[in-house]
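Read off the chains here:
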Amino acid sequence: GVAARTGNVTLFLTVAPLAPVLAVATAFGPEGGAALEQESAAPYPLVRLVLLRTAAVLLAALPVVLVGQLFFHEVAAWVWLVPALGFTAAVLGLSTWFGPWRPATAITAMWVVGTAAANRLDTIWAVFAPRYVVLYLLMLVLGPLVLVLRARRLGTIGRISS
């Protein structure tokens, strides 16, 4: 019934934003280090290669939207993209200091706790309130900016592949 459908939407909106975050962390973590080293030999700025690789990982998440569109309310199928993009950008920016897994783990933990609290106290939709959407959009803007500025200063992506 309605309760099961609501539970499925809650589960979807909790998990879907984390899939691209964890995929990007995997792409730049120790598992992807060898590929990143090969890419760094290409005649392109490393930041450009990182952003292209990230775009490819995010495109792989597009089927989640399409499947979600079939099973969930129209808004639920698309709204998860806003935090997903913000979180992914934050992981990229923070990776220049901490590597990709620490920020990805922290963001995952905060999102799971936040969505659980929102669902328990009110509704899962509370994490999509305008003030939070602004925060996700700020992450989306600041993450790549930090990545570019730190990479220029360090002359490399820093610790992104560690």
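Structural data are supplied above this passage.
Basis of the calculations
- Residues numbered from 1 in each chain as written.
- Predicted model: local features only at pLDDT ≥ 70, side-chain atom pairs only at ≥ 80, totals over all residues.
- Heavy atoms only, no water.
- Helix = DSSP H or I, 4+ residues; strand = E, 2+ residues; numbered from the N terminus.
- Buried < 20%, exposed > 50% of the residue type's maximum accessible area, 1.4 Å probe, protein only.
- Contact = heavy atoms within 4.5 Å.
- Patch = residues over 30% accessible without salt bridge, like charges linked within 9 Å, V, L, I, M, F, W, Y side chains within 5 Å.
- Areas by Shrake-Rupley, 256 points an atom, 1.4 Å probe, with all protein chains shown as cover.
- Salt bridge = Lys/Arg side-chain N within 4 Å of Asp/Glu carboxyl O.
- Axes fitted to C-alpha atoms, helices over the stretch in contact; angles between N-to-C directions.
- Parallel < 35°, antiparallel > 145°, perpendicular 65-115°, else oblique.
- Left-handed = near helix turned anticlockwise from the far one by under 90°.
- Nonpolar A, V, L, I, M, F, W, Y, C, P; charged D, E, K, R; others polar.
- Expected span 1.5 Å × (residues − 1).
- Bend = angle between axes of the 7 residues up to and from the residue.
- Core = buried A, V, L, I, M, F, W, Y, C linked by side-chain atoms within 4.5 Å.

## Some details on the overall build of the chain
Moving on, step 1. Counting its secondary structure elements, the chain contains 9 helices and 0 strands.
Moving on, step 2. In the chain, the succession of helices and strands from N to C terminus is α-α-α-α-α-α-α-α-α.
Moving on, step 3. In the chain, which comprises 162 residues, the proportion classed as buried is 40%.
Moving on, step 4. Considering only contacts in the chain between residues 6 or more positions apart, those separated by 24 or more positions represent 76%.

## Considerations on a nonpolar patch on the surface
Moving on, step 1. Nonpolar side chains collect at one region of the surface, where Leu-85, Val-134, Leu-137, Leu-138, Leu-140, Val-141, Leu-142, Leu-145 and Leu-149 lie side by side and expose about 760 Å² of accessible area between them.
Moving on, step 2. Ranked by residues supplied to the nonpolar patch, first place goes to helix α9 (residues 130–154) with 8 residues.
Moving on, step 3. The residue Leu-145 is located in helix α9 in this model.

## Observations regarding the packing of helix α2 (residues 18–28) against helix α8 (residues 101–121)
Moving on, step 1. Two elements in contact, α2 and α8, have axes whose closest approach is 9 Å; the angle formed by their N-to-C orientations is 165 degrees. The pairing of α2 with α8 is recorded here as roughly antiparallel in orientation. In this structure, the crossing between α2 and α8 has a hand that is left-handed. Taking contact as the criterion, the partners of Leu-18, Val-21, Leu-22, Ala-25 and Thr-26 in α2 are, on α8, Trp-101, Ala-104, Thr-108, Trp-111 and Val-112.
Moving on, step 2. Residue composition of the contact of α2 with α8, by class: 8 nonpolar, 2 polar and no charged.

## Quick notes on helix α7 (residues 81–98)
Moving on, step 1. Its 18 residues give α7 an end-to-end C-alpha distance of 24 Å, which sits within 8% of 26 Å, the value for a rise of 1.5 Å per residue.
Moving on, step 2. The largest bend in α7 is about 25 degrees, located at Leu-92.
Moving on, step 3. Turning to α7, its buried residues number three or more, namely Pro-83, Ala-84, Gly-86, Phe-87, Thr-88, Ala-89, Ala-90, Val-91, Leu-92, Gly-93, Ser-95 and Thr-96.
Moving on, step 4. One or two steps after α7, the chain reaches Gly-99, where phi turns positive at roughly 75 degrees.

## Brief notes about the nonpolar core
Moving on, step 1. Within the largest apolar cluster, 23 residues are counted, with the highest numbers of intra-cluster contacts made by Phe-12, Leu-13, Trp-80, Phe-87, Trp-111, Val-127 and Phe-128.
Moving on, step 2. Beyond its immediate sequence surroundings of up to four residues, Leu-13 is in contact with Ala-76, Val-79, Trp-80, Trp-111, Ile-124, Trp-125 and Phe-128.
Moving on, step 3. Among the nonpolar cores identified, the runner-up in size contains 9 residues, and Val-24, Ala-27, Phe-28 and Leu-147 belong to it.

## Some remarks on the packing of α7 against α8
Moving on, step 1. Their axes nearest at 8 Å, the elements α7 and α8 cross at an angle of 145 degrees. By crossing handedness, the relation of α7 to α8 is classed as right-handed. Every residue of α8 that contacts α7 at Pro-83, Phe-87, Ala-90, Val-91, Leu-94, Ser-95 and Phe-98 is listed here: Arg-102, Pro-103, Ala-104, Ile-107 and Trp-111.
Moving on, step 2. In terms of residue class, the contact of α7 with α8 is made up of 10 nonpolar, 1 polar and 1 charged.

So yeah, pure geometry; function would need other evidence.
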